[in-house]
Amino acid sequence: MKLPSRRVGLIALSVLLAGGGGYAWFSNGNRNAAERYRSQAVESGDLTQNVSANGTLNPVTVVSVGTQVSGTVKKLHVDFNSKVEKGQVLLEIDDSLLSSQARQSEASIAAAKASLDLAAANEQRMQSLFAQEYVSKQELDQAVQAKKSAAANLAQSRAAYDHDRVNLGNTVIRAPVSGVVTDRQVDVGQTVAASFQTPTLIKIAQDLSKMQIDSSFAEADIGMIREGQPVKFNVDAFPNRSFRGAVKQIRLNPTTQSNVVTYDVVVAVDNPDQKLLPGMTAYVNIAVAERKGVLKVPNSALRFKPADAPKAEVAKESAKEGGGKPGNGGGERKKRDASQGTVWVLEGEHLTPVSVTLGITDNRNTEVVDGELKAGDRVVTAENSPGGASAKPAGGPPGRLF
């Protein structure tokens, strides 16, 4: 009696699936612990915890040179990267209009002076006539008042002349400090207007041998940063060279973007060879904690949890991490206490969970402050798949613990 072909196919498929599952169980069950798990020996050594951020190199002092008068740029005496001394001429603005105004004010002074001379002569004449009783007291007072008015007009004309002379002098722009020109925003023939606000014409970096990094650190890291801490940083222009600086200031003005709060940390940098240029991106690292000769465990071991661990051991591990029996809210306590962790120690063919108290981390290894872990113990960092490839450790991708 022949079976239907469809039924025969289902039977054959079931046999193949059962055989494959049996082979996988047999191969996995017969692998020893060294083949199933990747492990690493716990070591003692030095550990440094760093906080990192990106920043921008800037001169310590940048002076923006502007103009108080409007006009057309007639001459440029400097360009980008020009070294200038205090008082040196940077550029000149066309002074035709201001020069004519100054000459007009000068002519007004001459007219006011002539009026004053006439008023003084009239006043003297009135004094003589009044003494002889040829004029009244009122006429004498009018002559005295005319002389005082002429004197006031002369003073006003002189003030206007001084004003015009100052404006005429402002058409020659001079360097207020010594330094290097880092920016030039005008060209010859360009008209600048100073009606409402002073336009910026040139920027001068006062001293490029002393620079600073303006870096933004997250609020989670700012509590560990102190003024005077040593800083190491790198720039893309010199990838094989490390530069040093020191924390100069932690500015109290926070910046919030997308609900992320950051603080500006100013790092003082010596630049004697002036290889560091304004605007370079700096990758800043600040050592906030350092330990010598401590027991350290890989971060991957702290994230690892075996998939087939006995339920009793998992419950025991949870109770230790939670600070009590399972179900008493220990998970919430673990979240609040970030310094506790568990590693799985490979002892022969068995895995044993060991609770540890953790200290600082360098994002690769973490300090073990307390616990039954000792140097030389092999902690499991990952589980190998039956085919030999490493399975991903539980707990997500490697990252920062705290």
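Keep in mind the model is a prediction, meaning the values are calculated, not measured.

Definitions and limits used
Residues numbered from 1 in each chain as written. Predicted model: local features only at pLDDT ≥ 70, side-chain atom pairs only at ≥ 80, totals over all residues. Heavy atoms only, no water. Salt bridge = Lys/Arg side-chain N within 4 Å of Asp/Glu carboxyl O. Helix = DSSP H or I, 4+ residues; strand = E, 2+ residues; numbered from the N terminus. Buried < 20%, exposed > 50% of the residue type's maximum accessible area, 1.4 Å probe, protein only. Axes fitted to C-alpha atoms, helices over the stretch in contact; angles between N-to-C directions. Parallel < 35°, antiparallel > 145°, perpendicular 65-115°, else oblique. Left-handed = near helix turned anticlockwise from the far one by under 90°. Nonpolar A, V, L, I, M, F, W, Y, C, P; charged D, E, K, R; others polar. Core = buried A, V, L, I, M, F, W, Y, C linked by side-chain atoms within 4.5 Å. Contact = heavy atoms within 4.5 Å. pLDDT = per-residue confidence, 0-100. Expected span 1.5 Å × (residues − 1).

Caption draft 1: Quick peek at the pattern of salt bridges. Per the counting criterion, the structure on display carries twelve salt bridges. Where D46 meets K292, a salt bridge forms, and the shortest distance between an N and an O atom there is 3.9 Å. With a gap of 246 residues between them, D46 in strand β2 (residues 43–59) and K292 in strand β15 (residues 281–298) connect regions that are remote in the sequence. Since its relative accessible area comes to 46%, D46 is described here as partly exposed.

Caption draft 2: Region of the structure containing the packing of helix α3 (residues 96–131) against helix α4 (residues 137–169). Contact geometry of α3 with α4 gives a least axis separation of 8 Å together with a crossing angle of 165 degrees. As judged from the angle between their axes, α3 and α4 are roughly antiparallel. Classified by chirality, the crossing of α4 by α3 is left-handed. Taken together, the residues of the contact of α3 with α4 sort by class into 19 nonpolar, ten polar and nine charged.

Caption draft 3: Representation of the nonpolar core. Counting 22 residues, the largest nonpolar core has F217, F233, L276 and I286 as its most contacted members. For this core, the elements supplying multiple residues, two or more each, are β2, β11 (210–218), β12 (230–235), β13 (238–257), β14 (260–270) and β15. A per-element tally of this core places β15 first, with four residues. Beyond its immediate chain neighbours, meaning those up to four positions away, I286 contacts Q49, N50, V51, F217, I225, Q229, P230, V231 and V247. In terms of nonpolar packing, the next biggest core, distinct from the first, is built from 20 residues, V73, L90, L168 and I202 among them.

Caption draft 4: Looking closely at unusual backbone geometry. Backbone geometry at N81 places phi at a positive 70 degrees, although glycine is not the residue there. Phi is positive for N363, close to 75 degrees, though the residue is something other than glycine. Among the secondary structure elements, N363 is positioned in the loop between β17 (350–361) and β18 (365–371). A relative accessible area of 41% means that N363 is categorised as partly exposed.

Caption draft 5: Quick peek at the confidence of the model for the protein chain. On average, residues of the protein chain score 83 in pLDDT, and 79% of them reach the 70 mark or higher. Note on residues 22–30: pLDDT is under 50 here. Beyond four places in sequence and across chains, it has one contact. Within the model, pLDDT remains below 50 along residues 388–402, and this stretch shows 34 contacts once partners closer than five positions in the same chain are excluded.

Caption draft 6: Layout of the environment of V65. With respect to the helices and strands, V65 occurs in strand β3 (residues 62–66). Judged by relative accessible area, which is 6%, V65 ranks as buried. The contacts of V65, once residues within four sequence positions are left out, are L90, I173, R174, P176, P199, T200, L201, I202 and I204.

Caption draft 7: Representation of α3 within the structure. For α3, spanning 36 residues, the distance from its first C-alpha to its last is 53 Å, which sits close to the expected 52 Å at 1.5 Å a residue. Residues L98, A102, S105, I109, A112, L116, A119 and E123 constitute the buried set of α3. Against the buried residues of α3 lie α4. Once α3 ends, the next one or two residues include E133, with phi positive near 65 degrees.

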